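# Notes for the structure review
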Amino acid sequence: MVTGGTLLTQLLNGLSVGMVYVLLAAGLSIIFGVMDVINFAHGEFYALGAYLAVGIAAALSGVTGGFWIALVAAPLIVGVIGGLTERVTIRPLYGRNPLYHILLTFGLVLVIADGIEIIWGTQPKNFAPPALLSGPITIAGFQYSLYNYFVIAVGALIAAGTWLALTETRVGIIIRGGSQDRGMVRALGIDIDRYYTLVFAFGCVLAAFAGIVLGAKQEVALGMGNAIIIPAFVVVVLGGLGSFRGAVVGGLGIGIVQTLTQTYVPALTGVIVYLLMVGILLVKPQGLFGNPEWQNHGGEEGDLLTGGGGGILDTTTRRYLAAALVGVLALVPLGIGVTYSSYIPNSLVLNVLVWALFALSLDFVMGYAGLVSLGHVLFYGVGAYATVMMAMYVTPVFWVGLLAGVALALAVAWFVGYLSIRVSGVYFAMITLGFAQLAYNLVTKFDITGGSDGLYTGYDATYGLGIGEVGQVSLLGDIQLFYYVVLALVVGSYLVARQIMRAPFGSVLQAIRESEDRAEFLGYDTVEYKRRAFMVSGGLAGLAGGLATINSFGVGPSFLFWLKSGEVIVMTLLGGMGTLYGPMLGAGAFLGLKEILLTFGESTPGLLGEVLSQWQGILGLIFVVFVIYVPEGLVSLPETLQARFGAGGGGGGESATDATDAEVSD
Amino acid sequence: MAILETHDLTKRFDELVAVDRVNLSVEAGEFRSVIGPNGAGKTTLFNTITGALRASEGEVVFEGEDVTALPSYERVRRGIGRSFQITNVFGGLTALENVRLAAQSIPSREMSVGSQLFRDKNRFDDVTAHAQRVLEDVGLGEHAETKASTLAYGDQRRLEIGLVLATDPEVVLLDEPTAGMGVEETESTMALVDDVLAEQTLLLIEHDIDLVMDVSDKITVLNRGSVVRTGTPEEVASDEEVQAAYLGGGHA
Ligand SMILES: Nc1ncnc2c1ncn2[C@@H]1O[C@H](COP(=O)(O)OP(=O)(O)O)[C@@H](O)[C@H]1O
Ligand SMILES: [Mg+2]
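Quick caveat: nothing in here was measured; it's all calculated off a predicted structure.

## Regarding the site of ligand 1
All names here are of chain B. Taken together, Phe 13, Leu 16, Ala 18, Pro 37, Asn 38, Gly 39, Ala 40, Gly 41, Lys 42, Thr 43 and Thr 44 make up the full set of residues near ligand 1. A distance of 2.7 Å separates an oxygen atom of ligand 1 from a polar side-chain atom of Thr 43. For ligand 1, whose unbound accessible area comes to 560 Å², protein coverage reaches 59%. A total of 3 residues in the shell around ligand 1 trace back to one element, the largest contributor, which is helix α1 (residues 42-50).

Dropping the structure here:
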């Protein structure tokens, strides 16, 4: 029975969580509206606020009012850090495609998260609200947590204050106007750019504040930023990008919907929010209160920067290099026992190959058709799940599983593409993220997908020939047959993808990336082309996912976690998007560097070792530098270096003649 | 017979009526210029005819078929080609590849899935030959391998005309092809248009009436979304209402 009392409790719970969302989403939304920045790092500023507050409160233990001092001081410090971050990292990117902000702030996520871990360690922190606010309170016969009342009240106060600041002060009015229609504000002769630092810092203050109030209610732990950022995006999308009102309504709404579903429709917990997100984006992409014109304000967007044509290396040289690389990869297993253990080929290199394939699949749509998929892990995960489930429930033959994985990934890509590709730019990115999160939450719900534990199996009767288990078919000692199978599949996929890009279909994709309008007015059904490209890409990602299950002996929800989508984007850009081979090299660089950092970190004593072990943060830092200074990726480095340091020699005229190569690089 | 007609074609942006019940009837082979001051609705009219924008009301009829509801790429396939007021070429690709893509468009619908996906794009001889011919025609033969974004501005405008030409259109809509050009370039571009698009029906947007006096068969004058007058250059030039519209529109 639903009694009035419990319903009221649920509503209040929902409101208190919702208030936290409001504070987060308000900042995210204004930052997006004014600066076009999708700030993935917002969740980390939120976590940073909570940790700083813990630190301040601990330093002031004994001082009465430590909590209150922390509640004010920590957000201000985070605001300063946020302002500096904007100055140093985001500022150089204005005028580029908003994708670069996503990428950059994703790098910042890694840096800040690891920074927190280095300073505060991995143990969760207890951060209790002061005695004054703890315990229940009874109002009009209804007993409820005093602290939750406090959260609701103070959240409402800050939201109202922000609203007043946005509507009543001169700066606020400019910012609000800017977040709804930047062009208009500029037309009035106001230099909106000057306010960016302020806006970003202010958003960070709100986020930190949210982190503190929620941290004191639950706990302050690593991953709190990762856990909140995606729901916060849902709120922003629901309310409408750039709309403060939307953030308030969306935040409270999502908070209440979440708590109510948890209590009354537990089956839908975790799923409902993403269903809402996807639904809204499909029906009304601009959200409840968003400005519909956002959809087509594409005019001022910069291009995606692709990794040129290999610049100073000519086609033949590159072909030799590629052949040499494949040759070396083929020889790697021969070193087992001589120079290294079987771990290197059978685990590390294999993992690199799988991720190289995954990165290749993303580049196929992102680098060529300009489709930024933030949820590409969906296809990787679906491929992995289908492969394992086929092996467990139908037939243990690995090939059949792999085929099923590719087929299902293709089908899902068709479905997602069918629904979403007509929605442009940022909205498309968000929809793919929503679908991926939906799948992530769905697989934990069913026994058939192994719930939150996942499914574990070997692939028996390998290769359908009855010669043993995948991973157990030895060619010689520890040299495994499957190593060569994976190598052949990955190299083969690359060759196929490259051939597609040299064929009419691929040439149209490149035209779409350059100018979709123009391609459409040459008579191409660009939406259809993009859908098909998305399917090919989904199939390749599914293949990568299926292959990945060999090494992990199965599949779990982590195969669908959004951070993986982020990592594959990092690899793609790191290597050089729009080249097919660049992202594959990027995967190698990313995972290789990770391995090196981990190895050195373990063997180096003291703080340095600890810092090195935080490989994600270091990679994040490198990535941030790349986004800012080498957006065309590793493959453009030779050219960039020559341009900067090379004495005379080539000169600038080359770029023109290189263009033929650039279309499809080897 | 009219090849392209519009019936009460209307396009509204909220309250603003950018194109207001426009009726056009363009004969096959005609050179029609659409002139009017800035903001008159010329580009919007083109966008509605080509399908870049959905008409609010009215119809577009091409070769007797009502194409109002068709997406723009379908209109292109039927033979309506266009250029853009702001240069719109594939900047990262070579000039030849730009035109080749245009030439590939129609034949690609007949290609098998296999050759679409896997056959080298340069091994479709008809397409490549057609592209090369068009590139010569617009005077860019020497720049075939130059990246479009590094071409001189005037050459980019020529390339844009080449893109339209290579799709083999029946009707060509050109939106201020000489925008931003100096006197000499303007003249050579107008000569080019007159030359390479001689067989097509042409609709050309210009805000400068003097430029189109000699080449047009007929001129339609647009102001505030409505047709002020359609007639031969002489008729239009001597029309008082046209002069009023032009002077009133703030255009000298
Ligand atoms: N996408 C749009 N949204 C709103 N108003 C528009 C849009 N495109 C054009 N307009 C308005 O329609 C009117 C006609 O513009 P346009 O067709 O570009 O004129 P012209 O090409 O004759 O200079 C102008 O007032 C312009 O501001
Ligand atoms: Mg115009």
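Moving on, there is more to tell.
## Considering unusual backbone geometry
All names here are of chain B. One non-glycine residue with positive phi stands out, namely Asp 168, at about 60 degrees. You can see Asp 168 is positioned in the loop between α6 (153-166) and β7 (171-175). When its relative accessible area of 51% is taken as the criterion, Asp 168 is described as exposed. In this structure, Glu 176 is a non-glycine residue whose phi angle is positive, near 45 degrees. Its place among the elements puts Glu 176 in the loop between β7 and α7 (183-196). Exposure remark for Glu 176: the relative accessible area of 4% places this residue in the buried category.

## Comments concerning the confidence of the model for chain B
Residue-level pLDDT values for chain B average 91, and 97% of them are 70 or greater. The complex prediction reports pTM at 0.87, with the ipTM value standing at 0.92.

## Quick notes on the coordination of the magnesium ion (ligand 2)
Residues and elements named next belong to chain B. Protein coordination of the magnesium ion (ligand 2) is provided by Thr 43 (OG1) and Gln 85 (OE1), with donor distances spanning 2.0 to 2.3 Å. Of this pair, Thr 43 sits in helix α1 while Gln 85 sits in the loop between β6 (80-82) and α3 (95-108), and the two are 42 residues apart along the sequence. For Gln 85, a relative accessible area of 30% translates into the label partly exposed.

## Let's talk about a nonpolar patch on the surface
Residue and element names in this part refer to chain A. On the surface, Leu 7, Leu 8, Leu 11, Tyr 264, Val 265, Leu 268 and Leu 275 cluster together to form a nonpolar patch covering roughly 500 Å² of accessible area. The element that contributes the greatest number of residues to the nonpolar patch is helix α1 (residues 4-35), accounting for 3 residues. Counting through the fold element by element, Leu 275 comes out in helix α11 (residues 272-283). Given a relative accessible area of 42%, Leu 275 falls into the partly exposed group.

## Thoughts on the pairing of β7(B)
Residue and element names in this part refer to chain B. By the criterion of burial, β7 is predominantly enclosed, with 5 of the 5 residues buried. Going residue by residue along β7, you find Val 171, Leu 173 and Asp 175 tucked away on one face and Val 172 and Leu 174 tucked away on the opposite face as well. Two strands pair when backbone bridges link them, and β6 and β7 are joined in this way by 3 bridges, in the parallel orientation. Counted as the bridge partner of Arg 82 is Leu 173 from β7. Inspection of the sheet shows β7 paired to strand β8 (residues 201-206) by 5 bridges, in the parallel sense. Counterpart to Leu 173 in the pairing with β8 is Leu 203. In terms of handedness, the path from β7 via α7 over to β8 forms a crossover that is right-handed.

## A short note on the domain arrangement of chain B
All names here are of chain B. What the domain assignment reports for chain B is domain 1 (1-79 + 169-252) and domain 2 (89-167). Using only C-alpha atoms to locate each centre, domain 1 and domain 2 end up separated by 26 Å. Taken residue by residue, the interface counts 17 residues in domain 1 and 12 residues in domain 2. The junction of domain 1 with domain 2 conceals about 1,300 Å² of combined surface from both sides, 66% of it contributed by carbon and sulfur atoms. It is Arg 77, Pro 169 and Leu 192 in domain 1 that bury the most area against domain 2; as a group they hold 36% of the surface buried on that side. For the interface between domain 1 and domain 2, the tally reads 0 salt bridges.

## Some points on the environment of A:Gln10
All names here are of chain A. On the secondary structure map, Gln 10 appears in helix α1. Considering only alpha carbons, one finds Gln 10 and Met 392, 382 residues apart in sequence, at a separation of 41 Å. Residues within four places of Gln 10 in sequence aside, it is in contact with Thr 259, Leu 260, Thr 263 and Tyr 264.

## What to know about the side chain of A:Thr105
Residue and element names in this part refer to chain A. Mapping Thr 105 onto the fold places it in helix α4 (residues 99-120). Thr 105 sits in the buried class, given a relative accessible area of 0%. Ignoring anything within four residues of it in the chain, the contact list for Thr 105 reads Val 37, Ile 38, Asn 39, Phe 40 and Ala 41.

## Structural notes on the pattern of salt bridges
Residue and element names in this part refer to chain A. The full count for this structure, using the stated rule, is 15 salt bridges over all chains. When the shortest N-O distance is used, the salt bridge between Arg 531 and Glu 528 registers 3.6 Å. Here Glu 528 and Arg 531 lie together in helix α20 (residues 526-552), a separation of 3 residues that amounts to about one turn. Taking the relative accessible area as the measure of exposure, Arg 531 reaches 16% and is therefore buried.

## Points about the side chain of A:Thr197
Residue and element names in this part refer to chain A. Along the chain, Thr 197 falls in helix α8 (residues 196-217). In this structure Thr 197 comes out as buried when scored by relative accessible area, which is 15%. Polar side-chain contacts of Thr 197 include one of 2.8 Å to the side chain of Glu 86. A polar contact of 3.2 Å, which involves the side chain of Thr 197, links it to the side chain of Arg 91. Setting aside anything within four residues of it in sequence, one finds Thr 197 in contact with Gly 83, Glu 86, Arg 87 and Arg 91.

Procedures and definitions
- Residues numbered from 1 in each chain as written.
- Chains lettered and ligands numbered in written order.
- Predicted model: local features only at pLDDT ≥ 70, side-chain atom pairs only at ≥ 80, totals over all residues.
- Heavy atoms only, no water.
- Near = heavy atom within 4 Å.
- Polar contact = N/O pair within 3.5 Å; in protein donor to acceptor, adjacent residues only side chain to side chain.
- Areas by Shrake-Rupley, 256 points an atom, 1.4 Å probe, with all protein chains shown as cover.
- Helix = DSSP H or I, 4+ residues; strand = E, 2+ residues; numbered from the N terminus.
- Buried < 20%, exposed > 50% of the residue type's maximum accessible area, 1.4 Å probe, protein only.
- pLDDT = per-residue confidence, 0-100.
- Donors = N, O, S within 2.8 Å, 3.2 Å for Na, K, Ca; no water.
- Patch = residues over 30% accessible without salt bridge, like charges linked within 9 Å, V, L, I, M, F, W, Y side chains within 5 Å.
- Salt bridge = Lys/Arg side-chain N within 4 Å of Asp/Glu carboxyl O.
- Pairing = 2+ DSSP bridges.
- Right-handed = clockwise from strand over helix to strand, strands pointing away.
- Domains from an automatic or database assignment.
- Contact = heavy atoms within 4.5 Å.
- Buried area = accessible area lost by both parts, 1.4 Å probe.

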